[in-house]
Amino acid sequence: MDLLKKRRNPNKQIFMITDGKPTCIKKGKKYYKNSFGIDRTILTRTLNLAQSCRKIGIPITTFMIARDPYLVRFVDSFTRANNGKAFYSSLDGLGEFVFRDYKTNKSKRSR
């Protein structure tokens, strides 16, 4: 986000490939990590950053490769906060994915 914010190019976008579990945030020059369980501090900061990207016009397209219902809900919240797009798949079904676009409020299954 910081790199894109400095650019004058109008076509700014972030592509994120994830399992859906936020585990690390940057605090100043250091990183705060917690890969055990769900950390409220990391969840809150991640959602706030998604909203910040939306406010400065940087959409985030997320590719989630997992099916855990809790993590799918988190990626849904993240995508909604950014007004971005999300593609959902599992390792078993990489040829099939669910696409959600919160900007145009559409959902579609593809094979």
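Residues numbered from 1 in each chain as written. Predicted model: local features only at pLDDT ≥ 70, side-chain atom pairs only at ≥ 80, totals over all residues. Heavy atoms only, no water.

Caption draft 1: Highlighting the packing of helix H2 (residues 40–55) against helix H3 (residues 69–82). The contact between H2 and H3 brings their axes to 7 Å, and the two run at 30°. Here H2 is positioned roughly parallel relative to H3, judged by the angle of their axes. On the side of H2, the interface is formed by Leu43, Thr46, Leu47, Ala50, Gln51, Cys53 and Arg54, while H3 contributes Tyr70, Phe74, Ser77, Phe78, Arg80, Ala81 and Asn82. Its residues assigned to classes, the contact of H2 with H3 shows eight nonpolar, four polar and two charged. (Axes fitted to C-alpha atoms, helices over the stretch in contact; angles between N-to-C directions. Helix = DSSP H or I, 4+ residues; strand = E, 2+ residues; numbered from the N terminus. Parallel < 35°, antiparallel > 145°, perpendicular 65-115°, else oblique. Contact = heavy atoms within 4.5 Å. Nonpolar A, V, L, I, M, F, W, Y, C, P; charged D, E, K, R; others polar.)

Caption draft 2: Structural view of the packing of aromatic side chains. Inspection of the entire model under this criterion finds three aromatic pairs. With a centroid separation of 4.9 Å and 5° between ring planes, the pair formed by phenylalanine 63 and phenylalanine 87 is classed as stacked. Highlighted residues: phenylalanine 63 in strand E4 (residues 60–65) and phenylalanine 87 in strand E5 (residues 85–89), separated in sequence by 24 residues. Consider the rings of phenylalanine 74 and phenylalanine 78, whose centres lie 6.4 Å apart with planes at 40°: the pair is tilted. Here phenylalanine 78 and phenylalanine 74 lie together in helix H3, a separation of four residues that amounts to about one turn. These aromatic residues form a ring-pair network of at least three members: Phe15, Phe63 and Phe87. A cation sits over an aromatic face here: lysine 27 above tyrosine 32, 5.1 Å from the ring centre. (Phe/Tyr/Trp six-rings, centres within 6.5 Å; stacked < 30°, edge-to-face > 60°. Lys NZ or Arg CZ within 6 Å of the ring centre and 35° of its normal.)

Caption draft 3: Just the pattern of salt bridges, in detail. A full pass over the atoms with the stated rule returns one salt bridge. Between aspartate 2 and lysine 5 there is a salt bridge, with its nearest N and O atoms 3.9 Å apart. Remark: lysine 5 and aspartate 2 occur in helix H1 (residues 2–6); sequence separation between them is three residues, near one turn of the helix. (Salt bridge = Lys/Arg side-chain N within 4 Å of Asp/Glu carboxyl O.)

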